[in-house]
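Next come the chains, spelled out residue by residue.
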Amino acid sequence: MAIREATIEATYERMAERLGEFVPDFELRTKAELVYEIERLKVERNAVILGHNYMEPALFHTVPDIVGDSLELSRRAAQTDKDVIVFCGVRFMAETAKILSPDKTVLVPSSRAGCSLAESITAADVRALKERFPGIPVVTYINTYADVKAECDICCTSSNAAAVVDSLDSDTVIFLPDEFLARNVARDTGKRIMTIQEIAAAGDRMRSSAGAEMISWNGRCEVHEIFEVADVRSVRKQFPDVEVLAHPECSPEVVEASDFSGSTTAMIRHVQSSEASRFLLLTECSMGDNIIAESSGKDILRLCSHRCPHMAEITLEETLAALRELRFEIDLPAETIERARGSVMRMLEIKPSAAALPSASAPRSAIR
Ligand code: 13P
Ligand code: SF4
């Protein structure tokens, strides 16, 4: 057997062992060939592949050199010495990699990998807010585009949001654009929160923040906003021993009804270290499959209608095409990169709070 065929066969066997439960056999054979081609091109292009925790199992467990949550991937993107970064995640994540490594070629494998949060706010919206509330520091979630980051003072991710807010020497902060994350952070930091719409409804259109200590926007994650307290109750009724984990993009009521809340990697770490044997994950459903593929003996319940359509755009086929054709390259104006970099770097300098510590990337063994 030629070396190529033997390598593909060995990759197929390892994939079948780990992923046979989720991926039909005929697909595994095709995907093993794609993995082989991606690995070959990765060396030829001197590329590194970063993979977010929401990638489909056949991708997540094979080609990425580094996997993790938004914070971990941002840190790693800043450290690579490769010429090309292929970001298997959505566009705002690839833009963050470009902001941190402006001289590198950064690719996102699909031009359709957006995000409902990133699309909920524009740079002009932020400028209008700063005009209305002068001098109040603006924190923006990493799930925003580069031109929005450029208008803000500091970024945060789901794993360091409270630490970032606490680090600011200000009684009042503007927190954009995720209303639910803002409400969860307000609870954790003891701040009185109002959305910009609530402040307007309070009738004070002039410069006052109507007593709010945190001013939020009304962006929502189209995946996490769907979960309801009724989902938690009904699963608890059926499985009284279940431990419920909710991403902080879920509503504060859902987070309150859960046993643990944290970034995607913090959730993975929690499942790995918990004594419990059954978990409900209130997040994008591929992540549940990815955990099952790696940790035996744990029963992972997930509501599988909740797949992020943007993350689902990133496949092995698109990743191969990205490496072959060097598509879709992230191109940002130098001035935007310069200004957005300040916001991202200020975030990376913040020491994570004790609660956020488990968000560091989980070590894992990839199938090659
Ligand atoms: P994490 O930073 O927790 O990985 O979240 C990213 C995201 O888009 C969640 O919807
Ligand atoms: Fe955006 Fe939600 Fe998809 Fe994350 S899961 S990329 S926040 S739409």
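Everything that follows concerns the structure shown earlier in this document.
It should be emphasised that the depicted structure is a prediction, and the values quoted were computed from it without experimental measurement. (Residues numbered from 1 in each chain as written. Chains lettered and ligands numbered in written order. Predicted model: local features only at pLDDT ≥ 70, side-chain atom pairs only at ≥ 80, totals over all residues. Heavy atoms only, no water.)

Draft legend 1. Structural context of the site of ligand 2. Taken together, Y54, C115, S116, L117, N143, C221, V223, E249, C308, H310 and M311 form the complete shell of residues around ligand 2. For the shell around ligand 2, the per-class residue count stands at seven nonpolar, three polar and one charged. (Near = heavy atom within 4 Å. Nonpolar A, V, L, I, M, F, W, Y, C, P; charged D, E, K, R; others polar.)

Draft legend 2. Here's a closer look at the sheet that holds strand β11 (residues 260-261). Read across the sheet, four strands follow the order β11-β10-β12-β13 without closing on themselves; strand pairing throughout is parallel. Two strands in the sheet have a free side with no partner beyond their single neighbour: β11 and β13 (299-302). In this structure, strand β10 (residues 243-246) lies alongside β11, joined through two bridges in parallel fashion. Within β11, the position partnered with A246 by the bridge is S261. With respect to the sheet, helix α13 (residues 264-273) is in contact with β10, β11, β12 (278-282) and β13, its orientation differing from that of β10 by roughly 165°. (Pairing = 2+ DSSP bridges. Helix = DSSP H or I, 4+ residues; strand = E, 2+ residues; numbered from the N terminus. Contact = heavy atoms within 4.5 Å. Axes fitted to C-alpha atoms, helices over the stretch in contact; angles between N-to-C directions.)

Draft legend 3. Expanded view of the site of ligand 1. As a structural note, the neighbourhood of ligand 1 is formed by H52, Y54, D69, S70, N143, S158, H224, H247, E249, S263 and T264. The side chain of Y54 places a nitrogen or oxygen atom 3.4 Å from an oxygen atom of ligand 1. When ligand 1 sits alone it has 300 Å² of accessible area, and the protein chains cover 96% of it. Of the residues belonging to the shell around ligand 1, the class tally is one nonpolar, eight polar and two charged. (Polar contact = N/O pair within 3.5 Å; in protein donor to acceptor, adjacent residues only side chain to side chain. Areas by Shrake-Rupley, 256 points an atom, 1.4 Å probe, with all protein chains shown as cover.)

Draft legend 4. Quick look at helix α2 (residues 25-45). Here α2 contains 21 residues, and its C-alpha end-to-end distance of 30 Å stays within 8% of the 30 Å for a straight helix at 1.5 Å per residue. Regarding α2, the residues found buried are L28, K31, A32, L34, V35, Y36, E37, I38, E39, L41 and K42. (Expected span 1.5 Å × (residues − 1). Buried < 20%, exposed > 50% of the residue type's maximum accessible area, 1.4 Å probe, protein only.)

Draft legend 5. Representation of unusual backbone geometry within the structure. In the segment running from L176 into P177, the intervening peptide bond is cis, with an omega of -15°. The omega angle of the peptide bond from R327 to F328 is -25°, so this bond is cis rather than trans. Positive phi values are uncommon outside glycine, yet N46 reaches one of about 55°. Its location among the elements puts N46 in the loop between α2 and β1 (47-52). The backbone of L326 shows a phi angle near 50°, a positive value even though the residue is not glycine.

Draft legend 6. Focus on the packing of α2 against helix α15 (residues 316-325). Direction vectors running N to C along α2 and α15 enclose 25°, while the axes themselves pass 9 Å from each other. Here α2 is positioned roughly parallel relative to α15, judged by the angle of their axes. Here α2 runs over α15; the crossing is left-handed. Contacts between α2 and α15 pair K31, L34, V35, E37, I38, L41, K42 and R45 from the former with L316, E317, T319, L320, L323, R324 and E325 from the latter. (Parallel < 35°, antiparallel > 145°, perpendicular 65-115°, else oblique. Left-handed = near helix turned anticlockwise from the far one by under 90°.)

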